[in-house]
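# Notes for the structure review
Listed below are the residues making up each chain.
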Amino acid sequence: MVFSLLLTGCSLVGQGSNPIDPKASVAEEQYGLILLSIGIMILVVIVVFVLYFYAIVRYRRKPGDDSIPKQVEGSHKLEIIWTVIPMILLLILAVPSVALTFSQDEDYSEDPEVIQIKATGHQFWWEFEYSDLGIYTAQDLVLPVNQRVQFQLTSSDVIHSFWIPAMGGKMDTNPGMTNKMYLDTPAEPGVLKGKCAEFCGESHALMDFKVVILSEEDYNAWVTSMQTPATTVDADVSSGEELFKQNCMSCHAVEAGFPGLGPNLTGFADREVVAGYLEMTDDNIFEWIKNPEQFKGETVEMPAIPLDDNQYHDIVKYLKTLKLE
């Protein structure tokens with residue numbers, strides 16, 4: 001079992017990324033099915049090994065005993081027993097598996113009480129569009145507690161797989177196609193880890209995102225802040241703002257109502273990480289925008305910008321002002 005958990009990527013530690021420590025109803029139902037499957041497998045293994053060792057001991061050859069044990073070939077009784085018992089075990093596993101598969105395949109796209117999110121995988125970052133709110137975000141998926149969320153999943157380039165281990169199973173995102181799945185959010189605020197679960201390139205392992213679960217009040221405040229247009233920046237970062245407009249704004253929007261070729265940077269300074277996994281520090285922002293390839297390889301879509309170090313520092317100062325009200 002330990003090797004099985006290691007091979008499937010299960011972890012007993014980490015930031016809310018553990019599928020065997022479910023935080024919401026969908027994941028709890030799937031975890032219950034996993035436990036049922038493992039329980040049946042353990043029962044079968046125990047019974048087989050008990051019979052195996054019993055036969056070895058009970059029918060071992062004894063000194064002076066050359067008799068042949070009673071043969072059971074063609075026994076109708078035994079044939080019925082070892083045919084019926086596996087069928088019963090399969091039914092015990094199959095009935096809840098099929099029922100859960102259909103129940104978790106419900107489509108809530110037309111339900112006005114359900115939050116609608118379009119998640120798009122890019123090499124190597126995630127874009128989230130709140131369809132009913134006119135909000136675009138990147139890397140941070142912000143949701144309220146105790147809420148059902150309907151996801152529309154797609155990709156802009158190669159096949160990725162959208163996975164929030166503590167909230168439920170994964171589903172592929174394919175270019176030119178839209179897959180649907182729903183998940184429920186946890187009852188308590190917190191931060192969960194999301195991942196790409198399909199090998200999608202040399203920086204696949206760095207394609208993480210955060211799922212920020214807020215109280216209903218805090219979530220409504222976040223929506224209001226995201227929908228509030230950006231204010232004028234301070235004079236000491238005006239140089240960085242101008243450099244950003246000249247070199248970065250063609251790909252990165254700084255207002256939540258607009259998508260972009262690159263991640264939307266609204267509220268960038270409030271995020272915990274840079275590029276999905278680097279600690280949010282001035283040095284990491286500087287190094288990231290100066291040479292993205294050193295962090296995510298040659299296939300990363302963000303090009304290096306030909307500026308001097310002082311200009312990079314000016315852009316960093318401007319980016320650190322991109323906070324929500």
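Because the structure is predicted, anything quoted here is derived from the model rather than measured. (Residues numbered from 1 in each chain as written. Predicted model: local features only at pLDDT ≥ 70, side-chain atom pairs only at ≥ 80, totals over all residues. Heavy atoms only, no water.)

### A look at the pairing of strand S3 (residues 135-138)
- Burial along S3 is two-sided: Ile135 and Thr137 facing one way and Tyr136 and Ala138 facing the other are all buried.
- In this sheet, S3 lies alongside strand S2 (residues 125-130) in antiparallel orientation, the contact comprising 4 bridges. Along S3, the bridge assignment pairs Phe128 with Thr137. (Buried < 20%, exposed > 50% of the residue type's maximum accessible area, 1.4 Å probe, protein only. Helix = DSSP H or I, 4+ residues; strand = E, 2+ residues; numbered from the N terminus. Pairing = 2+ DSSP bridges.)

### Digging into the pattern of salt bridges
- Under the counting rule described, the total for this entry stands at 10 salt bridges.
- Here Lys195 and Asp208 are joined by a salt bridge, their closest N and O atoms 3.1 Å apart. Residue Lys195 is found in strand S9 (residues 190-196), and its partner Asp208 is found in strand S10 (residues 208-214); the two are separated by 13 residues along the sequence.
- With relative accessibility at 24%, the residue Lys195 sits in the partly exposed group.
- A salt bridge links Glu241 to Lys245; the nearest nitrogen and oxygen atoms lie 3.7 Å apart. A residue pair is termed a helical-turn pair when its members lie 3 or 4 positions apart in one helix, as Glu241 and Lys245 do in helix H5 (residues 238-247) at 4 residues.
- Assessed through its relative accessible area of 42%, Lys245 is described here as partly exposed.
- Among the charged side chains, a network of salt bridges with common partners joins Lys193, Lys195 and Asp208. (Salt bridge = Lys/Arg side-chain N within 4 Å of Asp/Glu carboxyl O.)

### Some points on a nonpolar patch on the surface
- Side chains of Val44, Val45, Val48, Phe49, Tyr52, Phe53, Ile56 and Val57 sit close together on the surface and give an oily, nonpolar patch of about 740 Å² of accessible area.
- Here Val44 is to be found in helix H2 (residues 25-58). (Patch = residues over 30% accessible without salt bridge, like charges linked within 9 Å, V, L, I, M, F, W, Y side chains within 5 Å. Areas by Shrake-Rupley, 256 points an atom, 1.4 Å probe, with all protein chains shown as cover.)

### Some points on the nonpolar core
- Leu141 and Phe162 are the most contacted members of the largest nonpolar core, which has 40 residues in total.
- Listed by contribution, the elements that provide at least two residues to this core are strand S1 (115-122), S2, strand S4 (140-144), strand S5 (148-155), strand S8 (179-184), S9, S10 and helix H4 (216-227).
- Of the residues forming this core, the biggest block, 5 residues, is contributed by S10.
- Of all hydrophobic cores here, the second largest spans 24 residues; its members include Phe244, Val254, Phe286 and Ile305. (Core = buried A, V, L, I, M, F, W, Y, C linked by side-chain atoms within 4.5 Å.)

Keep in mind these values describe shape, not function.
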